[in-house]
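A look at the structure
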Amino acid sequence: MSKKTFNDLATGTPKSWPAPTTIAGLARALSVPDDTIVLAIAASLGVPVRTHTSLLALQLPASADLLTPSERGYIVGIVKSLTAGRGDPDAPEESEAHLAGEVAELATSLGDQIDGGK
C-alpha cells in the first residue's frame, strides 16, 4: 500500500472503496482481522455499522464454525425463542409455558438431526 493511500484512509473519507489488497495490507499492518478494516471504511462512508457484538457470539468456541447451516438455524431459533419480548419492542410477547414448549421442540428436533447425521 502506498504512503498516499494509507494517509488518505487515515485522515479522511476515502474517495472510493479500497482494493482488497489494500484492505488486507492495512489489516496485516494493524494486526486486526480484515473485516475490522472493512467495517471501519464502511462507517467512514456513512454506512450504519453495528459495532456491538453479542456476548454469546464472543463466547462461542471456534468449533461453532463446524456447525451445519441447519444446526446454526436451530441455535438461532432457540435464542430467538428464549429472548422473545425482551428488549425488542417489535417482538411478540410469549408466555413462559409457550417458550418452554418451543425450546423443547427445537432441542428435540436438533437432537434428531444430529442423531440422524451419524
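Described below are features of the structure shown in this document. Predicted model, so just to flag it, every value in this text is computed and none were measured. (Residues numbered from 1 in each chain as written. Predicted model: local features only at pLDDT ≥ 70, side-chain atom pairs only at ≥ 80, totals over all residues. Heavy atoms only, no water.)

1. Side note on the overall build of the chain
Secondary structure assignment for the chain yields six helices and zero strands. Beginning at the N terminus, the succession of helices and strands in the chain can be written as α-α-α-α-α-α. Buried residues in the chain amount to 19% of all 118 residues. Just so you have it, the chain exposes about 8800 Å², and 60% of that area is on carbon and sulfur atoms. (Helix = DSSP H or I, 4+ residues; strand = E, 2+ residues; numbered from the N terminus. Buried < 20%, exposed > 50% of the residue type's maximum accessible area, 1.4 Å probe, protein only. Areas by Shrake-Rupley, 256 points an atom, 1.4 Å probe, with all protein chains shown as cover.)

2. Quick notes on the packing of helix H2 (residues 20-30) against helix H3 (residues 34-44)
Contact pair H2 / H3: the axes reach a minimum separation of 8 Å and the direction vectors enclose 115 degrees. One finds that H2 runs roughly perpendicular with respect to H3. In this structure, H2 crosses over H3, and the sense of that crossing is right-handed. In this structure, H2 contributes Ile 23, Ala 24, Leu 26, Ala 27 and Leu 30 to the contact, and H3 contributes Asp 34, Ile 37, Val 38 and Ile 41. Here the contact of H2 with H3 is composed, by residue class, of eight nonpolar, no polar and one charged. (Axes fitted to C-alpha atoms, helices over the stretch in contact; angles between N-to-C directions. Parallel < 35°, antiparallel > 145°, perpendicular 65-115°, else oblique. Left-handed = near helix turned anticlockwise from the far one by under 90°. Contact = heavy atoms within 4.5 Å. Nonpolar A, V, L, I, M, F, W, Y, C, P; charged D, E, K, R; others polar.)

3. Remarks on the nonpolar core
The biggest cluster of nonpolar side chains holds six residues, and these are Leu 9, Ile 23, Leu 26, Ala 27, Ile 37 and Ile 41. Broken down by secondary-structure element, the contributors of at least two residues to this core are H2 and H3. Examining the composition of this core, we find that three residues originate from one element, H2, more than from any other. Beyond its immediate stretch of four places on either side in the chain, Ile 23 contacts Trp 17, Pro 18, Asp 34, Ile 37, Val 38 and Ile 41. (Core = buried A, V, L, I, M, F, W, Y, C linked by side-chain atoms within 4.5 Å.)

4. As for a nonpolar patch on the surface
A surface patch of nonpolar side chains, about 300 Å² in accessible area, is lined by Leu 56, Leu 60, Ile 75 and Val 79. In this structure, Val 79 sits in helix H5 (residues 69-83). (Patch = residues over 30% accessible without salt bridge, like charges linked within 9 Å, V, L, I, M, F, W, Y side chains within 5 Å. Salt bridge = Lys/Arg side-chain N within 4 Å of Asp/Glu carboxyl O.)

5. Points about unusual backbone geometry
Of note, the phi angle at Ser 31 is positive, near 55 degrees, even though the residue is not glycine. Considering the arrangement of structural elements, one finds Ser 31 in the loop between H2 and H3.

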